Amino acid sequence: METIKIINFIIGIVFFVCYSYQFFYILIPFVKKEKPHKNTELHRYAVLISARNEELVIGNLLDSIAAQDYPSRLVNVFVVADNCTDSTAQIAREHGAAVYERFNKAEVGKGYALEYLIDKILEEYGDVFDAYMVFDADNLLSEDYISRMNETFSDGYGIITSYRNSKNYGDNWISAGYALWFLREAKYLNNARFLLGTSCAVSGTGFLFSREVMQRCGGWPFHLLVEDIEFTVSNIINGEKVGYCPKAVLYDEQPTSFRQSWRQRMRWARGYIQILQRYGAGLLKGIFKKRSFSCFDMTMNIAPAVILSFAGIIINAGAGIYSVATGGGTDILLQSFSELVINTYLMMFVIGAITTITEWKNIYCSTPKKVLYAFTFPLFMLTYLPICITALFKPVKWEPIVHNRVRTLSEVRNDCPAA
């Protein structure tokens with residue numbers, strides 16, 4: 001059993017070494033300032049929205065796009081109503097969007113829907129758009145979102161991601177867990193990467209890619225379970241640098257049901273495995289042959305957590321079974337595993353607490369909830385352990401996430417205003 005304790009200690013050390021550079025990231029926004037923008041030019045944008053049975057929320061997103069301070073003549077909104085059985089298409093048309101209805105039960109997922117939508121746009125409009133912006137139907141945009149993204153696009157970035165906030169942070173510990181992670185990702189990963197001049201990463205929704213990037217990719221050929229990460233990794237391997245726009249704020253709806261959260265994060269975990277299988281060799285080549293820090297950074301974000309979590313649980317479970325079968329005790333094993341869990345909790349608490357304090361004004365819920373959810377955040381992150389293990393063995397397919405949190409931008413800001 002002492003051997004298991006040593007192994008757990010080694011796993012903890014390796015985990016720390018893999019992610020220690022991200023603690024350095026935390027310092028960057030405080031010591032390094034964003035460079036001023038270059039001369040801003042007005043560009044023409046196509047807004048892409050993939051929606052599956054989103055009749056409750058898509059209207060508010062389209063209203064927030066219509067309320068942008070960017071010239072409306074330069075923004076065309078396109079919605080793909082993907083296998084919808086409700087009024088999503090009708091509502092989107094009533095709000096001024098160009099809508100394409102897609103019915104394909106064999107090729108299911110956001111990646112296929114975006115590919116279909118881009119192909120339709122190119123067929124009917126040609127290459128008239130300078131760039132494409134991607135949103136989910138449950139999103140809301142700050143009034144200057146497109147203007148801010150346009151400033152960064154004018155700086156020369158071919159791919160840009162934005163600041164991802166939440167429209168339902170205060171619903172429960174699950175929605176807060178998601179939201180706090182995305183705030184941390186925006187502030188202390190993408191923002192730090194951007195300030196250091198390395199590549200950022202696209203995360204789900206709220207991003208832009210140029211016509212040139214679209215042409216080089218051949219439309220949207222990204223169909224893995226995590227098409228956003230696939231898009232990021234593919235472009236980074238090919239030398240593209242993803243930019244970040246901290247002033248373009250998007251509000252996203254987070255799951256509140258643990259069952260739904262489990263399914264979504266199972267898809268993410270399985271998707272990371274798919275990424276490693278398809279792009280692992282390219283990432284390693286980028287690290288060792290091209291000396292690309294961005295390739296290293298992306299590898300660290302998708303590989304060690306899954307591998308080390310799997311190794312830790314399997315080794316400890318195997319040792320426990322062996323000890324019981326041979327009549328030995330499990331005290332040292334339980335103590336060692338408990339220390340591993342406690343140390344992980346403390347590390348996640350520090351990360352969550354720092355993000356909560358520094359992003360306090362951007363978190364829209366009451367003060368007691370902000371404090372409480374800083375403590376529950378590590379518990380949310382620890383639930384990834386069984387999810388990662390299960391994803392290795394259980395087949396996972398793409399399933400839509402139900403969105404029913406109907407809120408306008410003013411309601412998000414004013415219902416439980418930031419204190």
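Our subject in this report is the structure included herewith. What you are looking at is a predicted structure, and each value in this text was computed from that prediction instead of being measured.

What follows concerns the overall build of the protein chain. A count of helical and extended segments in the protein chain gives 15 helices and eight strands. Here the C-alpha atoms of the protein chain give a radius of gyration of 22 Å, agreeing with the 22 Å that 2.2 N^0.38 yields for 419 residues. On the principal axes, the C-alpha backbone points of the protein chain span a range of 75 × 50 × 50 Å. Of all 419 residues assigned to the protein chain, the portion counted as buried reaches 54%. Roughly 18,300 Å² of accessible area belongs to the protein chain as shown, and the carbon and sulfur atoms make up 58% of that amount. For the protein chain, the distance from the average site of its 41 positive side-chain charges to the average site of its 40 negative ones is 6 Å.

A cluster of nonpolar side chains, contributed by Ile6, Phe9, Ile10, Ile13, Val14, Phe16 and Val17, occupies part of the molecular surface with about 670 Å² of accessible area. By secondary structure assignment, the location of Ile10 is in helix 1 (residues 2-31). A residue is classified by how much of its surface remains accessible, and Ile10, at 45% relative accessible area, is partly exposed.

Residues Leu48, Tyr169, Phe209, Trp220, Phe231, Val233 and Ile275 are the most contacted members of the largest nonpolar core, which totals 68 residues. Excluding residues within four positions of it along the chain, Leu48 makes contact with Phe78, Leu114, Leu117, Ile118, Ile121, Tyr132, Met133, Val134, Phe135 and Phe209. Formed by 34 residues, the second largest nonpolar core is a distinct cluster that contains Ala81, Ala89, Ala137 and Cys245.

Turning our eyes to something else, we now look at the packing of aromatic side chains. According to the stated counting rule, one finds 32 aromatic pairs in the structure shown. Seen in terms of ring centroids, Trp220 and Phe222 are 5.1 Å apart; in terms of plane orientation they differ by 80 degrees. Their pairing is edge-to-face. One aromatic cluster is present, built from ring pairs that chain together Phe78, Tyr125, Phe129, Tyr132, Phe207, Phe209, Trp220, Phe222 and Phe231. Positioned over the ring face of Phe380 is Arg265, at 4.2 Å from the centre of the ring.

The rules we used
- Residues numbered from 1 in each chain as written.
- Predicted model: local features only at pLDDT ≥ 70, side-chain atom pairs only at ≥ 80, totals over all residues.
- Heavy atoms only, no water.
- Helix = DSSP H or I, 4+ residues; strand = E, 2+ residues; numbered from the N terminus.
- Rg over C-alpha atoms; globule rule 2.2 N^0.38 Å.
- Buried < 20%, exposed > 50% of the residue type's maximum accessible area, 1.4 Å probe, protein only.
- Areas by Shrake-Rupley, 256 points an atom, 1.4 Å probe, with all protein chains shown as cover.
- Lys, Arg positive; Asp, Glu negative; His and termini not counted.
- Charge placed at Lys NZ, Arg CZ, Asp CG, Glu CD.
- Patch = residues over 30% accessible without salt bridge, like charges linked within 9 Å, V, L, I, M, F, W, Y side chains within 5 Å.
- Salt bridge = Lys/Arg side-chain N within 4 Å of Asp/Glu carboxyl O.
- Core = buried A, V, L, I, M, F, W, Y, C linked by side-chain atoms within 4.5 Å.
- Contact = heavy atoms within 4.5 Å.
- Phe/Tyr/Trp six-rings, centres within 6.5 Å; stacked < 30°, edge-to-face > 60°.
- Lys NZ or Arg CZ within 6 Å of the ring centre and 35° of its normal.

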